[in-house]
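Architecture at a glance
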Amino acid sequence: MDKLNELTKAQKSEDKLLEAKVQDKIKFVQNRNRFESTDFLDLAQKNTAQEILDKSGIKAYHFFGGFSQAERTMLILYPEEFMSYDLGTALDKYYNQTISVIRITLPKEEWGTYEHRNYLGALIKLGIKREKIGDIIVRYDGADIIISSDIEKFLLTNLKDLTRFQSAKIEKIELSEISVIESEPQIIKINVPSMRLDCIVGELARCSRSNASILINTERVFVDFKEEIRGTRQIKENEMITIRGKGRFKILRMLGNTRSGRINLEVQKW
């Protein structure tokens, strides 16, 4: 319970800090009549920012992370007058000024050897803050790393200093060149002992309930895009569960019970 209280308190503190940052950005836009943006936000932060915007009555904004399906996005705020003009052109220009993409292409002998955590770990090792990093799109032969433009030159200069990337090709590419593999959602079926979040996460992530609890307690699980740290949370039909590193899942419907009393679920997986 102490761990839960600590996590809850930390989350509230982070929410207050994010609210202050968003409110400051809103004031900058209004007072200086220019575009403003936050650093990259995760799903929980995006949801918090959305609530702040809704309460403030702000309509002139977009969430964007380099490509339309991005999970980590920046909040882009702009003067309301742009809503009446060529907003698309103005936004595209701002996106290209604010967001950069570094492509790492590995030598053939290293293809298929690195995962998301390897690329993220390398960036963190260089001292890059997580909020400066957007999605990392892993390919068999490397990865496209979306970042804040203000760290572009630093990465292009320093990534080669890391042993794992000394033989890799490292270059800047345009947003339009991001290698996104479109995946069709799958329909899967699972059965769980109860509708508790930890039980469902265990089945979806194919791990024990204790390991599912670790995923939840380390803030890697979201329900309807809100961070959830209660393993006992009861999940309902049509709720969306996101597990970082595992995928996104929508609980479509309950299909009934097995003879042993377990619940059969139909789930949509991305």
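Structure's up top.
The structure reproduced in this document is the subject of the present report.

Definitions and limits used
Within every chain, residues take consecutive numbers counted from 1 along the sequence as written. Whole-chain, interface and lining totals are the exception, using all residues; otherwise, since this is a predicted model, local features are given only for residues with pLDDT of at least 70 and side-chain atom pairs are given and counted only at 80 or more. Computation of side-chain values: all heavy atoms of the structure, hydrogens and water removed. When a carboxyl oxygen of Asp or Glu lies within 4 Å of a side-chain nitrogen of Lys or Arg, that pair is called a salt bridge. Counting from the N terminus, the helices are DSSP H or I runs at least four residues long and the strands are E runs at least two residues long. Per-residue accessibility, obtained with a 1.4 Å probe over protein chains only, is compared with the maximum for each type, and a residue is labelled buried under 20%, exposed over 50%, and partly exposed between these values. The axes are straight lines fitted to the C-alpha atoms, using for helices just the contacting stretch, and the angles between their N-to-C directions are given from 0 to 180°. Here the angle decides the label: under 35 degrees means roughly parallel, over 145 means roughly antiparallel, 65 to 115 means roughly perpendicular, and every other value means oblique. Note on contacts: a residue pair is in contact if any heavy atoms of the two residues lie within 4.5 Å. Following the grouping adopted for this structure description, the nonpolar residues are Ala, Val, Leu, Ile, Met, Phe, Trp, Tyr, Cys and Pro, the charged ones are Asp, Glu, Lys and Arg, and the polar ones are all others, Gly among them. Here, any two strands with at least 2 DSSP bridges between them count as paired. Two aromatic rings, drawn from Phe, Tyr or Trp (for Trp, its six-membered ring), form a pair once their centres lie within 6.5 Å of each other, and the interplanar angle then sorts them: stacked below 30 degrees, edge-to-face above 60, tilted otherwise.

Taken as a whole and judged by the stated rule, the model has 19 salt bridges. With its nearest N and O atoms 2.9 Å apart, the salt bridge here joins aspartate 150 to lysine 132. A residue pair is termed long-range when its members are at least 10 positions apart, and aspartate 150 in the loop between strand 6 (142–148) and helix 5 (152–158) and lysine 132 in the loop between helix 4 (116–125) and strand 5 (133–139) qualify at 18 residues. Residue classification places lysine 132 among the buried positions, given a relative accessible area of 19%. A salt bridge links glutamate 171 to lysine 169, with the nearest nitrogen and oxygen atoms 3.8 Å apart. Overlapping salt bridges bring together Arg103, Arg139, Asp141 and Asp144 as one network.

We now examine the packing of helix 6 (residues 197–204) against helix 7 (residues 209–217). In contact at an axis separation of 8 Å, helix 6 and helix 7 are set at 105 degrees when each is read in the N-to-C sense. The angle between helix 6 and helix 7 falls in the class roughly perpendicular. The segment helix 6 lies against helix 7, with Leu197, Asp198, Cys199, Val201 and Gly202 engaging Arg209, Ala212, Ser213, Leu215 and Ile216. Residue composition of the contact of helix 6 with helix 7, by class: six nonpolar, two polar and two charged.

One open sheet holds the three strands; their spatial order is 1-3-2, and the pairing between them is antiparallel. On the outer flanks of this sheet lie strand 1 (36–41) and strand 2 (61–64), each paired with one strand and no other. Averaged over all pairs of adjacent strands, the angle between their axes in this sheet comes to 15 degrees, without regard to strand direction. Inspection of the sheet shows strand 2 paired to strand 3 (residues 73–77) by four bridges, in the antiparallel sense. Residue pairing across strands places tyrosine 61 opposite leucine 77, the latter belonging to strand 3. Strand contacts of helix 2 (residues 43–56): strand 1, strand 2 and strand 3, with the helix running at about 175 degrees to strand 2, the strand carrying the most contacts.

Our focus in this paragraph is unusual backbone geometry. Within the chain, asparagine 33 stands out as a residue other than glycine whose phi angle is a positive 55 degrees. Mapped onto the secondary structure, asparagine 33 falls in the loop between helix 1 (2–32) and strand 1. Taking the relative accessible area as the measure of exposure, asparagine 33 reaches 41% and is therefore partly exposed. Unlike most non-glycine residues, arginine 206 shows phi in positive territory, near 55 degrees. Relative to the elements of secondary structure, arginine 206 occurs in the loop between helix 6 and helix 7.

Reading across the sheet, the six strands line up as 8-13-12-11-9-10 and stay open at both edges, with antiparallel pairing between neighbours. Looking along the sheet, the strands with just one partner apiece sit at the ends: strand 8 (186–192) and strand 10 (226–227). Both strand 11 (residues 240–243) and strand 12 (residues 247–257) contribute to a ladder of four bridges, which runs antiparallel. Across the sheet, the residue bridging to threonine 242 is arginine 248, located in strand 12. Along the sheet, helix 6 contacts strand 8, strand 9 (221–223), strand 11, strand 12 and strand 13 (263–269); its crossing angle with strand 8, the most-contacted strand, is approximately 125 degrees.

For the rest of this paragraph, the subject is the packing of aromatic side chains. Scanning the model with the defined rule gives nine aromatic pairs in all. Ring geometry for tyrosine 61 and phenylalanine 63: centres 5.8 Å apart, planes at 75 degrees, overall edge-to-face. Classification of phenylalanine 63 as buried rests on a relative accessible area of 17%. Put simply, the rings of Phe35, Tyr78, Phe82 and Tyr94 pair up and form one aromatic cluster.

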